[in-house]
Every structure is written in structure tokens, then in C-alpha cells.
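Architecture and fold: a report
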Amino acid sequence: MDKIKLISVSSIAEGGKDTLFHIIQKKYPQFEFKNIKFANQLRNETYEILEENFGYNVFSEDREQKEKFRNFLVLWADMKRKQNPQHYLNYIKYQLKHKNKKNIYVLTDLRFAQAEYDEINFCLENGPVIHIEKYFLDKNNNKVFQPPPNRFEAENDPKIKNLSTHHIVWNHCNIQDIDKRIEFLYPYCKTVLDSILN
């Protein structure tokens with residue numbers, strides 16, 4: 001446990017990556033966790049463009065607003081990665097290099113396994129990788145898994161799932177209260193988190 005400095009989390013969009021971070025924070029208070037994201041750098045790069053031209057706040061966590069500019073962020077990041085596949089990875093490397101030794105960083109937006117050396121390779125070198133799948137129950141109580149929202153996630157998510165060290169499959173939860181949402185979802189991930197943090 002003392003050797004873990006990074007826990008990486010992956011899923012398609014709206015799969016529950018940030019919710020898992022909240023669960024980790026609440027259920028394992030003996031550790032100091034810090035959330036980091038590749039998207040922090042992406043948001044810094046696009047903040048002024050979206051704010052000045054469209055009035056969007058790229059740092060908003062409002063799902064409805066995020067959907068309005070999600071495709072723009074995906075295309076921007078794709079162009080940056082085509083220029084340099086390590087562009088966003090270098091940002092995370094810098095964060096880890098200067099991290100507080102007491103902190104365990106939880107990276108909640110692992111998405112790419114395309115380049116010869118990509119996000120998934122770096123994350124596996126530095127700690128466990130958790131892949132999340134979210135499903136909905138149809139009228140016959142059958143599980144219907146959430147589909148990827150774009151071609152990038154359709155291509156990368158199966159690769160990351162295959163390479164991940166841990167897997168969580170949980171039911172869609174539309175409970176808005178974060179504490180109640182944590183209690184509802186914790187049983188789905190307790191075994192995985194205990195194996196990493198205990």
C-alpha cells in the first residue's frame with residue numbers, strides 16, 4: 001500500500017469516474033487523496049475560447065452544459081494528440097513529479113490506449129487501473145450497458161478494459177444527493193477498493 005502513488009480510473013463518459021473518487025475519499029479517510037485529470041490541461045487551453053465565443057464555462061460540472069461543448073473538447077484534444085501523443089500525459093507526469101508524498105493521486109479520466117506509449121501504459125506503470133462499466137435495467141430487468149458517445153471512446157475503452165488491473169460494474173444511479181449516491185454504489189466497488197487500499 002505504501003508504494004501506491006497513483007490510482008487511475010477509466011470508463012466512457014458519464015460512467016461514474018468522479019463518483020468513484022468521492023467514494024474513495026469518504027470510505028477511506030485514513031488516506032489523503034487528490035483528484036487529478038488530463039482534462040485539467042485541456043480545459044485550461046480552451047477556457048477563453050468557449051467563454052468569449054459561446055459563454056460556456058469549461059470548468060462546469062453541470063451535465064447539460066458539458067454536453068454542449070463535449071464534442072469540441074474531444075476534437076481539440078485529438079488535434080493536440082496528433083501533434084504530440086504525449087501532450088496531456090506530460091501534464092500528469094509533472095503533477096506526479098511535484099506531488100505531496102502523503103497524497104495518493106486519483107486520476108479520473110484515463111481514456112487513451114492508441115499510441116505506442118500512451119496514457120494506459122503510464123498509468124499501469126504507476127499503480128492500479130480501475131475500469132468501470134455502467135448499466136441500466138430495461139423494463140424486463142435486463143442489463144443494458146451504456147454505449148460509448150464517440151468513436152474515440154468506442155476504440156479505446158475496450159483496450160483499456162482489457163488491460164485494467166481491476167473492474168467495477170455498477171447500476172446507473174440518478175440519486176442527486178452525493179452522500180446517498182455513495183451509499184448506493186459503494187457495495188458495487190467495495191471489494192475492489194479494499195483490495196487496493198487495505
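Refer to the preceding data block for the structure.
Notes on the structure follow. Keep in mind that this is a model prediction, so the values were computed, not measured.

Right, let's talk about the overall build of the protein for a bit. Scanning the protein from N- to C-terminus turns up 7 helices and 6 strands. Along the chain direction, N to C, the helices and strands of the protein fall in the order β-α-β-α-α-α-β-α-β-β-α-β-α. Relative to a compact globule of 198 residues, whose C-alpha radius of gyration would be 16 Å, the protein shows 17 Å and is just as compact. Along the three orthogonal principal directions, the C-alpha set of the protein runs to about 45 × 40 × 30 Å. Taking all 198 residues of the protein together, 47% fall into the buried category. Here the contacts in the protein between residues at least 6 apart in sequence split such that 72% fall between residues at least 24 apart. Approximately 11,000 Å² of the protein is accessible, and the part contributed by carbon and sulfur atoms is 49%. Distance between charge centres in the protein, computed from 30 positive and 27 negative side chains, equals 4 Å.

Let's shift gears to the pairing of strand β3 (residues 103-110). In terms of burial, β3 is a largely internal element, 8 of the 8 residues being buried. The pairing of strand β1 (residues 6-10) with β3 spans 4 bridges and is parallel. The residue bridging serine 10 from the neighbouring strand is leucine 110, located in β3. With 5 bridges connecting them, strand β2 (residues 32-36) and β3 associate as parallel partners. Note that in β3 the partner of isoleucine 36 across the bridge is leucine 107.

Here we come to the packing of aromatic side chains. A full pass over the atoms with the stated rule returns 7 aromatic pairs. Ring centres 6.1 Å apart and planes at 15° place the aromatic pair phenylalanine 54 and tyrosine 56 in the stacked group. Pairing tyrosine 56 with phenylalanine 69 gives two aromatic rings, centres 5.8 Å apart and planes at 40°, and the pair type is tilted. Residue tyrosine 56 is found in the loop between α2 (39-54) and α3 (63-83), and its partner phenylalanine 69 is found in helix α3; the two are separated by 13 residues along the sequence. Residue phenylalanine 69 is classed as buried on the basis of its relative accessible area, which comes to 3%. Taking the ring centre of phenylalanine 112 as reference, the NZ or CZ of arginine 81 above it sits at 3.9 Å.

Let's shift gears to empty space enclosed by the protein. Tallied over the entire structure, the rule returns 1 cavity of 30 Å³ or more. Empty space within the largest cavity amounts to approximately 40 Å³. Per element, the largest residue contribution to the lining of the largest cavity is 4 residues, and it comes from helix α6 (residues 151-163). For the lining of the largest cavity, the per-class residue count stands at 3 nonpolar, 3 polar and 3 charged.

What follows deals with the pattern of salt bridges. All told, the structure shown has 15 salt bridges when counted by the stated rule. A salt bridge links lysine 37 to aspartate 18; its shortest N-O distance comes to 3.1 Å. Of this pair, lysine 37 sits in the loop between β2 and α2 while aspartate 18 sits in helix α1 (residues 17-27), and the two are 19 residues apart along the sequence. Assessed through its relative accessible area of 10%, lysine 37 is described here as buried. For glutamate 155, the salt bridge identified is with lysine 159, shortest N-O distance 3.7 Å.

Thresholds, definitions, all that
- Residues numbered from 1 in each chain as written.
- Predicted model: local features only at pLDDT ≥ 70, side-chain atom pairs only at ≥ 80, totals over all residues.
- Heavy atoms only, no water.
- Helix = DSSP H or I, 4+ residues; strand = E, 2+ residues; numbered from the N terminus.
- Rg over C-alpha atoms; globule rule 2.2 N^0.38 Å.
- Buried < 20%, exposed > 50% of the residue type's maximum accessible area, 1.4 Å probe, protein only.
- Contact = heavy atoms within 4.5 Å.
- Areas by Shrake-Rupley, 256 points an atom, 1.4 Å probe, with all protein chains shown as cover.
- Lys, Arg positive; Asp, Glu negative; His and termini not counted.
- Charge placed at Lys NZ, Arg CZ, Asp CG, Glu CD.
- Pairing = 2+ DSSP bridges.
- Phe/Tyr/Trp six-rings, centres within 6.5 Å; stacked < 30°, edge-to-face > 60°.
- Lys NZ or Arg CZ within 6 Å of the ring centre and 35° of its normal.
- 1 Å grid on protein atoms, 1.4 Å probe; cavity = no way out; pocket = protein on both sides within 12 Å on 5 of 7 lines; lining within 4 Å.
- Points joined across faces, edges and corners; volume = space filled by probe spheres on them.
- Nonpolar A, V, L, I, M, F, W, Y, C, P; charged D, E, K, R; others polar.
- Salt bridge = Lys/Arg side-chain N within 4 Å of Asp/Glu carboxyl O.

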